[in-house]
Structure formats: structure tokens, C-alpha cells
Amino acid sequence: MLQSKRNDGKLVTKDGLIVCPNCGRTTSQAVRPDTEARNLILWCRRCKASNIVNIEHGACSLSSHC
């Protein structure tokens, strides 16, 4: 399982899915250990919030809120 703790702007992942920093529920965006993305817009279907995230080597970090 891919799980990390929220430290230094990092986002939490649960069962390979990114957890929304606003509502704490899982989003539909999956992350693998080899995933990389810059300025990816992460949208939560539950709370309707958009966040810009960076993903490097499967580790997610919050860049800014949209």
C-alpha cells in the first residue's frame, strides 16, 4: 500500500489514491511509485475544490490552491 504522512506540504495517499487536503476524502486520482507530474490540477468531486499538486517519484506535494 502507498501511504504517507502529511509533513512539509506533502499530501496523504490512501490505497494509492490522493486524499483531498480540504475535506480529507480520497479523490479519484491514483498514484503509483513511478508517477511524476508537475502543476497537475487535482479536483475533488465531493467538496468541489481544485488544488495544484506536484508528484515526484510517487510523493505528492501541494503547490497551491486554485
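Residues numbered from 1 in each chain as written. Predicted model: local features only at pLDDT ≥ 70, side-chain atom pairs only at ≥ 80, totals over all residues. Heavy atoms only, no water.

**Q** Help me out: how do you make sense of the sheet that holds strand 1 (residues 13-14) in this one?
**A** Two strands in a sheet stick together by hydrogen bonds in their backbones, pointing the same way (parallel) or opposite ways (antiparallel). Spatial ordering of the open sheet is given by 1-2-3, a layout of three strands whose pairing is antiparallel. In this open sheet, the two edge strands, each paired with only one partner strand, are strand 1 and strand 3 (26-30). Across two bridges, strand 2 (residues 17-19) lies against strand 3 in antiparallel orientation. Residue leucine 17 lies in a different strand from strand 3, and its bridge partner there is alanine 30. (Pairing = 2+ DSSP bridges. Helix = DSSP H or I, 4+ residues; strand = E, 2+ residues; numbered from the N terminus.)

**Q** Got a minute to help me understand the pairing of strand 5 (residues 50-56) in this structure?
**A** Examined bridge by bridge, strand 4 (residues 37-43) and strand 5 share five bridges and lie antiparallel to one another. Within the sheet, the bridge partner assigned to isoleucine 41 lies in strand 5 and is isoleucine 52. The hairpin turn running from strand 4 into strand 5, its antiparallel successor, is six residues long, and lysine 48 in that turn takes a positive phi close to 65°. Pairing geometry for strand 5 and strand 6 (residues 59-65), over six bridges, is antiparallel. Within the sheet, the bridge partner assigned to asparagine 54 lies in strand 6 and is serine 61. Linking two consecutive strands that pair antiparallel, namely strand 5 and strand 6, is a turn of two residues; a positive phi of about 55° is found at histidine 57 within it.

**Q** What should I look at first to understand the sheet that holds strand 5 in this one?
**A** As summarised here, the arrangement of the three strands in space is 4-5-6, forming an open sheet in which the pairing is antiparallel. Every other strand in the sheet has two partners, leaving strand 4 and strand 6 as the edge strands with one partner each. Neighbour-to-neighbour, the strand axes of this sheet turn through a mean angle of 35°, independent of strand direction. (Axes fitted to C-alpha atoms, helices over the stretch in contact; angles between N-to-C directions.)

**Q** Mind showing me how you'd approach the side chain of threonine 27 here?
**A** One can find threonine 27 in strand 3. Only 3.4 Å separates the side chain of threonine 27 from the backbone nitrogen of glutamine 29, close enough to count as a polar contact. Setting aside chain neighbours within four positions, we find threonine 27 in contact with Leu17, Ile18, Cys20, Leu42, Trp43, Cys44 and Arg45. (Polar contact = N/O pair within 3.5 Å; in protein donor to acceptor, adjacent residues only side chain to side chain. Contact = heavy atoms within 4.5 Å.)

Note that every value here comes from positions in space, so none of it alone points to a role or purpose.
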